Amino acid sequence: MRHIVIIEDEPDVADLLARRFSSEGFRVATASDGRAGLHAVHLYHPDLIILDLLLPTMNGWEVCCSLKANPATHDIPVIILSAVGSSEDRIAVLEMGADDYIVKPCSVKEVIARARAVLRRTERAGGMRRGREQADGGGNHPDCG
Ligand code: CA
């Protein structure tokens, strides 16, 4: 079963996503702030992370950066789900290693479709990517500043 961690501080959005992903056959864990989200990722090592950007305790950029800088978590695909939608914001977080960016408001159907697409992509690339990263000594980790 696919495991997904949803890091989102708006309870309505988190609940809706959790329910819909569960009914699509995902095992779901949710976290309502950045630090709890990181903790959940380390605890469950999910197949996919849905990450809001504006979060208490630690924002989504920091969470993404921390995940992508850590060899234990940098392979886990991250989909950003945020009302923050300027192209600079999108570029910054995609360059940090996020796999997709969905601007709120959006339909849950779209989130699920994109999650499936990202999972398909990472599953196809998985073996190849791991091989390459071993060959160049772990790959380039983003600079967390
Ligand atoms: Ca938020």
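In case you missed it, the structure is sitting above this.
Residues numbered from 1 in each chain as written. Predicted model: local features only at pLDDT ≥ 70, side-chain atom pairs only at ≥ 80, totals over all residues. Heavy atoms only, no water.

Peer 1: In this structure, what is going on with the overall build of the protein? I would like to understand it.
Peer 2: What the protein contains, in helices and strands, is five helices and five strands. Reading the protein from its N end, one meets helices and strands in the order β-α-β-α-β-α-β-α-β-α. Put simply, the protein has 145 residues, and 42% of those count as buried. The long-range share in the protein, meaning contacts at least 24 apart out of those at least 6 apart in sequence, stands at 64%. Total accessible area computed for the protein in this model is approximately 7600 Å², and 51% of it derives from carbon and sulfur atoms. (Helix = DSSP H or I, 4+ residues; strand = E, 2+ residues; numbered from the N terminus. Buried < 20%, exposed > 50% of the residue type's maximum accessible area, 1.4 Å probe, protein only. Contact = heavy atoms within 4.5 Å. Areas by Shrake-Rupley, 256 points an atom, 1.4 Å probe, with all protein chains shown as cover.)

Peer 1: Sorry if this is basic, but what is going on with the coordination of the calcium ion here?
Peer 2: Each donor-metal-donor angle in an ideal tetrahedron of four donors is 109.5 degrees, and each such angle in an ideal octahedron of six donors is either 90 or 180 degrees. Note on the calcium ion: its protein donors are Asp9 (OD), Asp52 (OD) and Leu54 (O). The metal-donor distances range over 2.1 to 2.4 Å. Read from N- to C-terminus, the donor residues coordinating the calcium ion fall into the pattern D-x42-D-x1-L. Using a relative accessible area of 4% as the deciding quantity, one classes aspartate 52 as buried. (Donors = N, O, S within 2.8 Å, 3.2 Å for Na, K, Ca; no water.)

Peer 1: Please clarify how the nonpolar core should be interpreted in this entry.
Peer 2: Soluble globular proteins tend to pack their nonpolar side chains together in the buried interior. One finds Ile7, Ile49, Leu51, Ile80 and Val93 to be the most contacted residues of the largest nonpolar core, which totals 24 residues. Where this core is concerned, the elements lending two or more residues are β1 (3–7), α2 (34–44), β3 (48–51), α3 (60–69) and β4 (78–82). Sorting elements by how many residues they give to this core places α3 first, with five residues. Those residues in contact with valine 93 that lie beyond four places of it in its chain are Leu53, Trp61, Cys64, Ile80, Ala98 and Tyr101. Counting 16 residues, the second-largest nonpolar core is a separate cluster that includes Leu17, Phe26, Leu81 and Ala115. (Core = buried A, V, L, I, M, F, W, Y, C linked by side-chain atoms within 4.5 Å.)

Peer 1: Teacher, can you tell me more about the environment of valine 63 here?
Peer 2: Here valine 63 lies in helix α3. The class of valine 63 is buried, set by a relative accessible area of 0%. The sequence separation of valine 63 and leucine 51 amounts to 12 residues, and the corresponding C-alpha distance is 8.4 Å.

Peer 1: Would you take a moment to explain the packing of aromatic side chains for this structure?
Peer 2: The description of an aromatic ring pair rests on the distance of the ring centres and on the angle between the ring planes. The full count for this structure, using the stated rule, is one aromatic pair. Judged by centre distance (5.0 Å) and plane angle (85 degrees), the ring pair of phenylalanine 21 and phenylalanine 26 falls under edge-to-face. Of the two residues, phenylalanine 21 and phenylalanine 26, both sit in the buried class. (Phe/Tyr/Trp six-rings, centres within 6.5 Å; stacked < 30°, edge-to-face > 60°.)

Peer 1: In this structure, what is going on with the pattern of salt bridges? I would like to understand it.
Peer 2: Close approach of charged atoms allows side chains with opposite charge to pair. Within this structure, the stated rule accounts for eight salt bridges. Residue arginine 2 pairs with glutamate 123 through a salt bridge whose shortest N-O separation is 2.9 Å. Placement of arginine 2 in the segment before β1 and of glutamate 123 in helix α5 (residues 108–135) is noted, with a sequence separation of 121 residues between them. Arginine 2 gets classed as partly exposed once you look at its relative accessible area, which sits at 34%. Judged by relative accessible area, glutamate 123 falls into the partly exposed class, the value being 45%. One salt bridge connects lysine 104 with aspartate 52, and the closest N-O pair in it is separated by 3.5 Å. On the criterion of sequence distance, the pair formed by lysine 104 in the loop between β5 (100–103) and α5 and aspartate 52 in the loop between β3 and α3 is long-range, its members being 52 residues apart. The network of salt bridges with common partners includes Glu8, Glu10, Asp52 and Lys104. (Salt bridge = Lys/Arg side-chain N within 4 Å of Asp/Glu carboxyl O.)

Purely geometric numbers; function is a separate question.
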